[in-house]
Amino acid sequence: MQQENKVYLSLLYDFYKDFLTERQKKIIELYVNEDLTLGEISKELGISRQGVFDAFRKAELALKRYEAKLKLADRYYKNRSIIEEVLQKLRRIYERYKDEEIMNIINSIQEWQEDV
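The protein is annotated in an unreviewed UniProt entry as UPF0122 protein CaldiYA01_15360 of Caldicellulosiruptor diazotrophicus. As recorded by UniProt, the Sequence similarities (unreviewed entry) comment attached to the protein reads in full: "Belongs to the UPF0122 family." Recorded in UniProt for the protein, the comment headed Function (unreviewed entry) runs: "Might take part in the signal recognition particle (SRP) pathway. This is inferred from the conservation of its genetic proximity to ftsY/ffh. May be a regulatory protein."

**Quick notes on helix α5 (residues 72-97)**
Taking 1.5 Å of rise per residue, 26 residues should cover 38 Å, and α5 covers 37 Å from first to last C-alpha, within 8% of that figure. Residues of α5 that are buried: Ala73, Ile83, Leu87, Leu90 and Tyr94. Buried-residue contacts for α5 involve α1 (3-16), α4 (49-70) and α6 (100-115). Following α5 by one or two positions, Lys98 has its phi on the positive side, about 50°.

**Some points on the nonpolar core**
Counting residues in each nonpolar core, the largest one holds 22 residues, and the members touching the most others are Ile28 and Ile41. Listing elements by their share of this core, those giving two or more residues are α1, α2 (22-32), α3 (38-45) and α4. When residues of this core are assigned to their parent elements, the largest contribution, 6 residues, is made by α4. Contact partners of Ile41, with chain neighbours within four places excluded, come to Ile27, Leu30, Tyr31, Leu36 and Val52. Residues Ile83, Leu87, Leu90 and Ile106 belong to the second largest nonpolar core, which totals 6 residues.

**Quick notes on the packing of α1 against α4**
Each pair of packed helices can be summarised by the angle the axes make with each other and by the distance between the axes. Two numbers describe how α1 lies on α4: the axes approach to 10 Å, and their chain directions differ by 70°. As far as their axial angle goes, α4 and α1 are roughly perpendicular. Two secondary-structure elements touch here, α1 through Tyr8, Leu9, Leu12, Tyr13 and Tyr16 and α4 through Phe56, Glu60, Leu63, Lys64, Tyr66, Glu67 and Leu70. Tallied by class, residues from the contact of α1 with α4 come to 9 nonpolar, no polar and 3 charged.

Quick notes on the rules
- Residues numbered from 1 in each chain as written.
- Predicted model: local features only at pLDDT ≥ 70, side-chain atom pairs only at ≥ 80, totals over all residues.
- Heavy atoms only, no water.
- UniProt positions renumbered as here; feature names shortened; annotations may be inferred.
- Helix = DSSP H or I, 4+ residues; strand = E, 2+ residues; numbered from the N terminus.
- Expected span 1.5 Å × (residues − 1).
- Buried < 20%, exposed > 50% of the residue type's maximum accessible area, 1.4 Å probe, protein only.
- Contact = heavy atoms within 4.5 Å.
- Core = buried A, V, L, I, M, F, W, Y, C linked by side-chain atoms within 4.5 Å.
- Axes fitted to C-alpha atoms, helices over the stretch in contact; angles between N-to-C directions.
- Parallel < 35°, antiparallel > 145°, perpendicular 65-115°, else oblique.
- Nonpolar A, V, L, I, M, F, W, Y, C, P; charged D, E, K, R; others polar.

Listed below in structure tokens is the structure:
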């Protein structure tokens, strides 16, 4: 799986993990967060590589189905894009007027982004 897809899978996992079985959660966590291969996960969990592959594939498909219906990750990306655009415009305004109130707003938005 490409790194970009891994990041997307991680995002889907963050939104929808509560809908997965404990085994599926563990496999996705090891794959995405620990960067283990399916073979390494197989050894870690003491199950066959095919068992890991099947559970992984079912989890991945489930996450994608939830996203297709609920679109939480899509909204997340769109909102981040809009926020970044607002920040860019605010920075340009700040550069023009050097208004500290604008800088305070920029800093507040950036702090909020870090918490989300």
